[in-house]
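# Tertiary structure, described
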Amino acid sequence: MSAKTTAPPEKMLFQLTLRRRGISDLAVLRAMEEVPREAFVEPDDRGDAYRDSALGIACGQTISQPFVVAYMTEQLGLAKHHRVLEIGTGSGYQAAILSRLAGHVLTIERFRTLADTARSRIEDLGYHNIEVMLGDGFAMPEQLGQFDRIIVTAAMTEIPEALVQRLEPDGILIAPVGPHHGVQTLVRVKRTESGFDRKELVDVRFVPALPGIAKEL
Ligand code: SAH
């Protein structure tokens, strides 16, 4: 093996942990391998970037636990032609993972600081199929159109009807649903010919989805 293809031990352990926890989609594992999580965490946390845990970022928010990122991505069943919407950009890490598997990712964040930081990180990494937008996922302009996949990465007490209506036919939405502080359930909604199929997946903990663009920077 050449030095170039040798992954550092922590990245090998990272892959192993994801596989052990049940992630089996090779394209998802490859995306998790390729995107440098250390570029999305706070400088002081770089040593912990490949541990399977959520970490604090600016504005009191968090970058999700890698297993949860991989699991949600796997459950979306992405294809290269998909147009994806993410609500809750945070660090931009989940958007970066999605962008390796989809055609285009629009990601929306209510904190300007987070949106700006994520946008410049994503630019630096050369991921050209991601658009970071400052906005409120609960009040998206009509002109943004419809999406093949929607992923919400902040806890919603319920999934707004307006959001599922943004799904294309056969579209899939995945969101943590439950109380703002506590345990939520990851819910997957599929748009079918006759309506919507809803399935509860696993328990998770996310920071709350809040309405409006944040007044704080
Ligand atoms: N996906 C992120 C982690 C998300 S943390 C990552 O990979 O790092 C949840 C994010 O959702 C926070 O940054 C929070 O500010 C944002 N958020 C909460 N409510 C929102 C809303 N209504 N619209 C857009 N973003 C929202």
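This report concerns the structure included in the present document. Only a predicted model underlies this, so the values are computations on that prediction, with no experimental measurement involved. (Residues numbered from 1 in each chain as written. Predicted model: local features only at pLDDT ≥ 70, side-chain atom pairs only at ≥ 80, totals over all residues. Heavy atoms only, no water.)

### Digging into the site of the ligand
Selection rule: Nearness here has a simple test: a residue counts as near a molecule or strand if at least one of its heavy atoms is within 4 Å of that partner. Polar contacts, as counted here, are pairs of nitrogen or oxygen atoms within 3.5 Å of one another; within protein the pair requires one atom able to donate a hydrogen and one able to accept it, and residues that are adjacent in sequence qualify only if both atoms are side-chain atoms. Only the protein chains shown count as cover for residues, and the accessible areas themselves come from Shrake-Rupley with a 1.4 Å probe. A cavity here means a set of points on a 1 Å grid, drawn over the protein atoms and nothing else, where a 1.4 Å probe fits but cannot get out; a pocket is an open set with protein on both sides within 12 Å along at least five of seven lines, and a residue lines either one if it has an atom within 4 Å of a point. Whether a molecule sits in a cavity or pocket is decided by its atoms, more than half of which must lie within 2 Å of the grid points. Going along the chain from the N terminus, every DSSP run of H or I of four or more residues is numbered as a helix, and every run of E of two or more is numbered as a strand. The nonpolar class holds Ala, Val, Leu, Ile, Met, Phe, Trp, Tyr, Cys and Pro. Asp, Glu, Lys and Arg form the charged class, and all remaining residues, Gly among them, are polar.
Lining the immediate surroundings of the ligand are 28 residues, of which Ser 91, Glu 109, Asp 136, Gly 137 and Leu 210 lie closest. One of the side-chain nitrogen or oxygen atoms of Ser 91 is found 2.6 Å away from an oxygen atom of the ligand. Residue Glu 109 places a side-chain N or O atom 2.6 Å away from an oxygen atom belonging to the ligand. A total of 580 Å² of accessible area belongs to the ligand in isolation, and the protein chains cover 99% of it. Of all the cavities here, the one that holds the ligand is the largest cavity. When residues of the shell around the ligand are traced back to their parent elements, those giving at least two are strand E2 (62–63), strand E3 (83–87), helix H4 (93–99) and strand E4 (104–109). Partitioned by chemical class, the residues of the shell around the ligand number 12 nonpolar, 12 polar and 4 charged.

### Digging into the pairing of strand E5 (residues 130–134)
Note the threshold: In this analysis, strands are considered paired if DSSP registers two or more bridges between them. Handedness of a crossover: with both strands directed away from the viewer, a clockwise path from the first strand across the helix to the second marks it as right-handed.
Inspection of the sheet shows E4 paired to E5 by 5 bridges, in the parallel sense. Note that in E5 the partner of Thr 107 across the bridge is Val 132. Crossover E4 to E5 through helix H5 (residues 112–125) is right-handed.

### Points about empty space enclosed by the protein
Rolled over the atoms, a probe sized like a water molecule indicates the empty space that remains. What counts here: Grid points are joined across faces, edges and corners, and a volume is the space filled by probe spheres set on the points.
This model, assessed by the stated rule, comprises 1 cavity of 30 Å³ or more. Looking at the largest cavity, its volume works out to about 360 Å³. Taken together, 28 residues make up the lining of the largest cavity; nearest its centre are Gly 88, Thr 89, Glu 109, Thr 153 and Ala 154. Where the lining of the largest cavity is concerned, the elements lending two or more residues are E2, E3, H4 and E4. The residue makeup of the lining of the largest cavity, split by class, is 13 nonpolar, 11 polar and 4 charged.

### A short note on the pairing of strand E6 (residues 147–152)
Heads up, the rule is: Buried means the residue's accessible area, taken with a 1.4 Å probe over protein chains only, is under 20% of the maximum for its type, while exposed means over 50%, and partly exposed covers the values in between.
Burial runs high along E6: 6 of the 6 residues are buried. As paired strands, E3 and E6 are joined by 4 bridges and run parallel to one another. The residue of E6 that forms the bridge with Leu 85 is Ile 150. Relative to strand E7 (residues 167–177), E6 runs parallel, the two being bridged by 4 bridges. Residue pairing across strands places Arg 149 opposite Ile 172, the latter belonging to E7.

### Things to note about helix H3 (residues 66–76)
The buried count for H3 comes to 11 of 11 residues, which makes it a mostly enclosed element. Within the sequence span of H3, burial applies to Pro 66, Phe 67, Val 68, Val 69, Ala 70, Tyr 71, Met 72, Thr 73, Glu 74, Gln 75 and Leu 76. Phi turns positive, to about 55°, at Gly 77, one or two residues after H3.

### Digging into helix H2 (residues 26–34)
Just so we agree on the cut-off: This arc is taken over the directions from the axis of the helix to the C-beta atoms.
When we look at burial in H2, the residues that qualify are Val 28, Leu 29, Ala 31 and Met 32. Down the axis of H2, the sector holding all buried residues measures 160°, keeping them to one side. Facing away from the buried side of H2 by over 90 degrees, the exposed positions are Leu 26 and Arg 30.

### Examining the side chain of Gln 184
Just so we agree on the cut-off: Residues count as neighbours in contact if any of their non-hydrogen atoms are within 4.5 Å of one another.
Positionally, Gln 184 belongs in strand E8 (residues 184–191). Given the relative accessible area of 0%, Gln 184 is considered buried. Separated by 2.7 Å, the side chain of Gln 184 and the backbone nitrogen of Phe 206 make a polar contact. Contacts of Gln 184, omitting those with residues within four sequence positions, involve Ala 155, Pro 176, Val 177, Gly 178, Pro 179, Val 202, Asp 203, Val 204, Arg 205 and Phe 206.

### Comments concerning the packing of helix H1 (residues 9–20) against H2
Geometrically, a packed helix pair is captured by the angle between its two axes and the distance between the axes. As a reminder, the rule being used: A fitted line through C-alpha atoms represents every axis, and for helices the fit uses only the stretch in contact; the resulting angles, taken between N-to-C directions, go from 0 to 180 degrees. Reported orientations rely on four angle classes, namely roughly parallel under 35 degrees, roughly antiparallel over 145, roughly perpendicular from 65 to 115, and oblique for the rest. Here a crossing is taken to be left-handed if its near helix is turned anticlockwise relative to the far helix by less than a right angle, and right-handed if that turn runs clockwise.
The interhelical angle for the contact between H1 and H2, taken along N-to-C directions, is 150°, at an axis separation of 10 Å. When the axes of H1 and H2 are compared, the pair comes out roughly antiparallel. Every pair of crossing elements has a handedness; the one defined by H1 and H2 is right-handed. When H1 is examined against H2, the residues Lys 11, Phe 14, Gln 15, Leu 18 and Arg 19 are found in contact with a partner set consisting of Leu 26, Leu 29, Met 32 and Glu 33.

Such coordinate-based values are descriptive only and should not be taken to indicate function.
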